[in-house]
Amino acid sequence: MSRQPASKREHFEREALVHLDTLYNVALRLTGNASDAEDLVQDTVTKAYRSWDKYEPGTNCRAWLVTILRNTFINQFRRESRRPSKVEFEAVQEINVFEAIKDRDPEGTFFRFIVDEEVKRAIQDLPEEFRLPVVLSDVEGLSYAEIAEILDLPVGTVKSRLFRGRRRLQQRLYDYALEMGYIRS
Amino acid sequence: MTGLWQSLVGKMMPSPGGIDCAEVMAQLYEYIDGELDDEKIERIRGHLEKCQRCYPRYNFEAAFLRFLKQQGRTKAPPELQRKIFKAILEEESRG
């Protein structure tokens, strides 16, 4: 019995659907709720399947899928969104958490006490400009070049947004840890 | 006072790894993220091994990023996976 060549569906499942968790995570951080995230992932996967012929095998499938997801989000979801998408870039004073804490907890052990729900909330509350680079890099492990490709930004911009996003996130988690008494004030 | 002390120390001691603290700090995230070439990585690693000021900062940032990686991720719900496999099957039968 000779083996049939893999069908388009089998190929798609093997190459693309392994990235479902990534798509769901990014969708969750973009939309802010599970129900919209599921709709967004479904729309993305359907679109990706229909344009699977345009995907070049051997190139970065995950980046290709996240790009489709982001474009779908921009076209469909943001139109309906009542949340302001632009947040003032310079409004927040960014402190250096390490400098603030180095004498009390230089190894950052306080992070361990913070529950994952709070971390997800903190990521969610970052301005979108910072949130996506942080999610793609720090949660999903994409390279700066991949993120630049997805967001259609120069690598230098990705780098600076990522750094500033991390700084804000650290600060927020630090404030939370102080409030909860995980760090001596 | 700290600034003066640091600049004095900086003058008295050669920069470990042939790279100074400010440069290491500027590239710390790129170092942790694996975005630098081998030569830079070696120089920064050499610096961090010897520098008592930069190492704790590196250690803190690396702990923070490890923490984010562990805590930030959510798995796609099984129900969503099921719906997606079904939708793709339907797309396939549509041709």
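About the criteria used
- Residues numbered from 1 in each chain as written.
- Chains lettered and ligands numbered in written order.
- Predicted model: local features only at pLDDT ≥ 70, side-chain atom pairs only at ≥ 80, totals over all residues.
- Heavy atoms only, no water.
- UniProt positions renumbered as here; feature names shortened; annotations may be inferred.
- Helix = DSSP H or I, 4+ residues; strand = E, 2+ residues; numbered from the N terminus.
- Buried < 20%, exposed > 50% of the residue type's maximum accessible area, 1.4 Å probe, protein only.
- Areas by Shrake-Rupley, 256 points an atom, 1.4 Å probe, with all protein chains shown as cover.
- Contact = heavy atoms within 4.5 Å.
- Buried area = accessible area lost by both parts, 1.4 Å probe.
- Salt bridge = Lys/Arg side-chain N within 4 Å of Asp/Glu carboxyl O.
- Phe/Tyr/Trp six-rings, centres within 6.5 Å; stacked < 30°, edge-to-face > 60°.
- Core = buried A, V, L, I, M, F, W, Y, C linked by side-chain atoms within 4.5 Å.
- Domains from an automatic or database assignment.
- Expected span 1.5 Å × (residues − 1).
- Polar contact = N/O pair within 3.5 Å; in protein donor to acceptor, adjacent residues only side chain to side chain.

- Looking at an unreviewed UniProt entry, one finds chain B named Mycothiol system anti-sigma-R factor, with Candidatus Kutchimonas denitrificans as its source organism.

- The name given to chain A in an unreviewed UniProt entry is Sigma-70 family RNA polymerase sigma factor, with Candidatus Kutchimonas denitrificans as the source organism.
- We quote the UniProt Sequence similarities (unreviewed entry) comment for chain A here in full: "Belongs to the sigma-70 factor family. ECF subfamily."

**Describing the overall build of chain A**
No. 1: The number of helices and strands found in chain A is 9 helices and 0 strands.
No. 2: Ordered by position from N to C terminus, the α and β elements of chain A give α-α-α-α-α-α-α-α-α.
No. 3: Counting the 185 residues in chain A, one finds 49% classified as buried.
No. 4: Of the accessible surface of chain A, which amounts to about 9500 Å², a share of 46% is contributed by carbon and sulfur atoms.

**Let's talk about the overall build of chain B**
No. 1: Summing up its helical and strand segments, chain B has 6 helices and 0 strands in all.
No. 2: Secondary structure elements of chain B, listed N to C terminal, follow the sequence α-α-α-α-α-α.
No. 3: With 95 residues in all, chain B has 36% of them scored as buried.
No. 4: In chain B, the share of contacts with a sequence separation of at least 24, taken over all contacts with a separation of at least 6, comes to 64%.
No. 5: Of the accessible surface of chain B, which amounts to about 6000 Å², a share of 55% is contributed by carbon and sulfur atoms.

**Examining the interface of chain B and chain A**
No. 1: Residue-level contacts link 32 residues of chain B with 49 residues of chain A.
No. 2: Counting the surface lost from both chain B and chain A, the interface buries some 3800 Å², and carbon and sulfur atoms represent 61% of this.
No. 3: Three residues, Phe60, Arg73 and Ile88 of chain B, lead the burial of chain B against chain A; their summed loss comes to 18% of the area buried on that side.
No. 4: Viewed at the interface, chain A and chain B are joined by 7 salt bridges.
No. 5: Notably, a salt bridge pairs Glu38 of chain A with Lys83 of chain B, separated by 3.6 Å at the nearest N-O pair.

**A few points about the packing of aromatic side chains**
No. 1: Across all of its chains, the model carries 17 aromatic pairs over all chains by this definition.
No. 2: For the ring pair Phe111 of chain A and Phe60 of chain B, a centre distance of 5.6 Å and an interplane angle of 40° mean the geometry is tilted. Highlighted residues: Phe111 of chain A in the loop between α5 (97–101) and α6 (116–124) and Phe60 of chain B in helix α5 (residues 54–71), drawn from two different chains. You'll find Phe111 of chain A and Phe60 of chain B in the same group, each marked buried.
No. 3: One aromatic cluster is present, formed by Phe98, Phe110, Phe111 and Tyr174 of chain A together with Phe60, Phe64 and Phe67 of chain B through successive ring pairs.

**Regarding the nonpolar core**
No. 1: In terms of nonpolar packing, the biggest core is built from 67 residues, with Phe12, Val41, Val45, Phe110, Ile114 and Leu169 of chain A touching the most fellow members.
No. 2: The leading source of residues in this core is helix α4 (residues 61–80) of chain A, at 9 residues.
No. 3: Shared between two domains, this core takes at least three residues from each, and those domains are domain 1 (8–80) and domain 2 (97–179) of chain A.
No. 4: Not counting residues up to four positions away in its chain, the partners in contact with Val41 of chain A are Leu20, Leu23, Tyr24, Ala27 and Leu69 of chain A together with Leu80 and Ile84 of chain B.

**Considerations on helix α3 (residues 34–50) of chain A**
All names here are of chain A.
No. 1: Here α3 spans 24 Å end to end across 17 residues, near enough to the 24 Å set by a 1.5 Å rise per residue.
No. 2: Taken together, the buried positions of α3 are occupied by Ala37, Glu38, Leu40, Val41, Thr44, Val45, Thr46, Ala48 and Tyr49.
No. 3: Two to three positions downstream of the cap, the backbone nitrogen of Ser35 sits 3.2 Å from a side-chain oxygen, assigning the N-cap of α3 to Asn33.

**Digging into the pattern of salt bridges**
No. 1: Under the criterion given, the structure shown has 20 salt bridges over all chains.
No. 2: One salt bridge in this structure joins Glu30 of chain B and Lys159 of chain A, with 3.1 Å as the shortest N-O distance. Linking Glu30 of chain B in helix α3 (residues 28–32) with Lys159 of chain A in helix α9 (residues 155–179), this pair reaches from one chain into another.
No. 3: On the basis of relative accessibility, which here comes to 11%, the residue Glu30 of chain B falls in the buried class.
No. 4: Relative accessible area serves as the criterion here: at 24%, Lys159 of chain A is assigned to the partly exposed category.
No. 5: Glu90 of chain B is the partner of Lys86 of chain B in a salt bridge, and the nearest nitrogen-oxygen pair spans 3.8 Å. With Lys86 of chain B and Glu90 of chain B both in helix α6 (residues 78–94) and 4 residues apart, the pair spans about one turn of that helix.
No. 6: On the accessibility criterion, Glu90 of chain B (39% relative accessible area) is partly exposed.

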